[in-house]
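# Inside the fold
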Amino acid sequence: LLDLSYNDFTGEIPPAFSELQSLEHISLQHNADLRGPISAFESLGNMSSLLLYGNHFSSTIPEGLFSNFTGQIFADFGHNNFTGALPETFTQWASDTSE
C-alpha cells in the first residue's frame, strides 16, 4: 500500500514508480497539482487499486493499465483531465459487473 493522499504534491509521476512491482494499492487522491500522464503505473502487474481522484492528470489512460490483472479492481480517476477512449481492458470489468 502506498497512500500519498491529501498532500500538496505537485508535478508528474516519476518514471521510477514503474519499478515498484510489488505494489497492489496506490492512492494519490486530492493533491495540489499532480499532473501529466499516468504511464508509470502501466507495468505494475500486481496493482488492484489505483485512486487518482481530484488531481490534474491528463493524456489518455494507458491501454496496458490493469491488463495483466485477473481479479477485481478498484479505480477512481474522477476530477482529472483525461482524454481519449477508455482502454479495451476496461470493458472486461464492465461486463463482469452486470452478471
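The structure reproduced in this document is the subject of the present report.

## Some words on the pairing of strand β6 (residues 56-59)
Where strand β4 (residues 33-36) and β6 come together, two bridges link them in parallel fashion. Within the sheet, the bridge partner assigned to Gly-36 lies in β6 and is Phe-57. Bridge analysis of β6 against strand β8 (residues 81-82) gives two bridges, and the strand direction is parallel. Along β8, the bridge assignment pairs Ser-58 with Asn-81.

## A look at the sheet that holds β4
Reading across the sheet, the four strands line up as β2-β4-β6-β8 and stay open at both edges, with parallel pairing between neighbours. Every other strand in the sheet has two partners, leaving β2 (10-11) and β8 as the edge strands with one partner each.

## Quick notes on the pairing of β4
Bridge analysis of β2 against β4 gives two bridges, and the strand direction is parallel. Counterpart to Thr-10 in the pairing with β4 is Asp-33.

Basis of the calculations
Residues numbered from 1 in each chain as written. Predicted model: local features only at pLDDT ≥ 70, side-chain atom pairs only at ≥ 80, totals over all residues. Heavy atoms only, no water. Pairing = 2+ DSSP bridges. Helix = DSSP H or I, 4+ residues; strand = E, 2+ residues; numbered from the N terminus.

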